[in-house]
Amino acid sequence: MAEDPTAVQDWASPADWKEMDDFAAGIDGNRIPPTDRLKDQRWLLRRSDEVVAELRFQSAEQVHWTRGASSGTDWYQAIEVSPDVFFLDQTFADRPRVSEVTVLHLPTARTVTIESTIAEQPTPGVPQVSQRFFAGVIDTGRAPSGEIPGPTRDLIGWRALYRYSPNHLYEHLYLSSERYCWQCLVGEQRGHGDVDLTTTWKLADDFYVFTFREFLIPVAATWLYDLGALRSTGKFFGIGKGGAVRNAPGGAHITSLGRVQYPQDGQPI
């Protein structure tokens, strides 16, 4: 977990608005436990922007990475959300304001990498944490199969509950390809809700990458949805109290509440 205790808190949340430290405590209660299955493995990842990364997993929490002329050994955490489907979280000691999540679907050898970056200074009207997305493949010795991962509209109109722990229950409504609405039903943020920027990619059948970037506080989240099992696995990345960079795990059981069907001439963006 990456923290930057020297960071300066250069933002102010609205009065009575809960910050990351408040709502993230215990929000990993229903998260799938990490796996040590990657220890001693070597992965070669090729991204759509032609970046090639080699990962050598030295233990259950340390990975040596090489990317071009750059290399290092840093923290990681791997979750096997389904057999041979992984959520890989990485932080970097020399870049505390950057984190990467790579989701991998080994049966098709397809990957998506999400890079989250906390800006040094806030910009009014723009989330302070930005995200970039890269489709890719993992070298498994065989040709990738299935569709190349990319943006999807599959979640639009869906409404669902997310039970992160006995003390964390949220409702999501997926409004468009760019926005979703949330409200807290149980937890520190009870009574709070908002509409935030989102990006949704399809990794493979039943597996979706869902991310959001908040406006009111400097935090973004990255999730891998397994809709076959109705589970979500992910993390929050942003600035906590005192200006420290926080990388907080989360995970939930999902209950579907149904889907809105839009008329053909009223499709959202």
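Residues numbered from 1 in each chain as written. Predicted model: local features only at pLDDT ≥ 70, side-chain atom pairs only at ≥ 80, totals over all residues. Heavy atoms only, no water.

## Observations regarding the pairing of strand E15 (residues 219-226)
Of all the 8 residues making up E15, 8 are buried; the element is thus mostly covered by neighbouring parts of the structure. Of the two faces of E15, the one lined by Val219, Ala221, Trp223 and Tyr225 and the one lined by Ala220, Thr222, Leu224 and Asp226 are each fully buried. Note that strand E14 (residues 207-213) and E15 share 7 bridges and pair antiparallel. Residue pairing across strands places Thr211 opposite Thr222, the latter belonging to E15. Hairpin connection of E14 to E15: 5 residues between the antiparallel strands. Sheet topology note: the E15/strand E16 (residues 231-239) ladder contains 8 bridges and is antiparallel. Note that in E16 the partner of Ala221 across the bridge is Phe236. Between E15 and E16, which pair antiparallel and follow one another directly, the connecting turn spans 4 residues, one of which, Leu230, has a positive phi of 55 degrees. (Buried < 20%, exposed > 50% of the residue type's maximum accessible area, 1.4 Å probe, protein only. Helix = DSSP H or I, 4+ residues; strand = E, 2+ residues; numbered from the N terminus. Pairing = 2+ DSSP bridges.)

## Brief notes about the environment of Asp22
With respect to the helices and strands, the residue Asp22 is situated in helix H1 (residues 20-24). With relative accessibility at 21%, the residue Asp22 sits in the partly exposed group. Aside from chain neighbours lying at most four places away, what touches Asp22 is Glu188 and Lys241. (Contact = heavy atoms within 4.5 Å.)

## Quick word on the pairing of strand E2 (residues 52-57)
Pairing analysis gives 5 bridges linking strand E1 (residues 42-47) to E2, with the strands arranged antiparallel. In the strand pairing of E2, Leu45 is matched with Ala53. Linkage of E1 to E2, two consecutive antiparallel strands, is achieved through a turn of 4 residues, within which Glu50 is found at a positive phi near 70 degrees. Alignment of E2 against strand E3 (residues 62-67), held across 5 bridges, turns out to be antiparallel. By the bridge assignment for E3, Leu55 is matched with Trp65.

## Here's the deal with unusual backbone geometry
Phi is positive for Asp206, close to 75 degrees, though the residue is something other than glycine. Inspection of the secondary structure assignment puts Asp206 in the loop between strand E13 (193-204) and E14. On the accessibility criterion, Asp206 (42% relative accessible area) is partly exposed. In this structure, Leu230 is a non-glycine residue whose phi angle is positive, near 55 degrees. Tracing the backbone through its elements, the reader meets Leu230 in the loop between E15 and E16. Judged by its relative accessible area of 33%, Leu230 falls in the partly exposed class.

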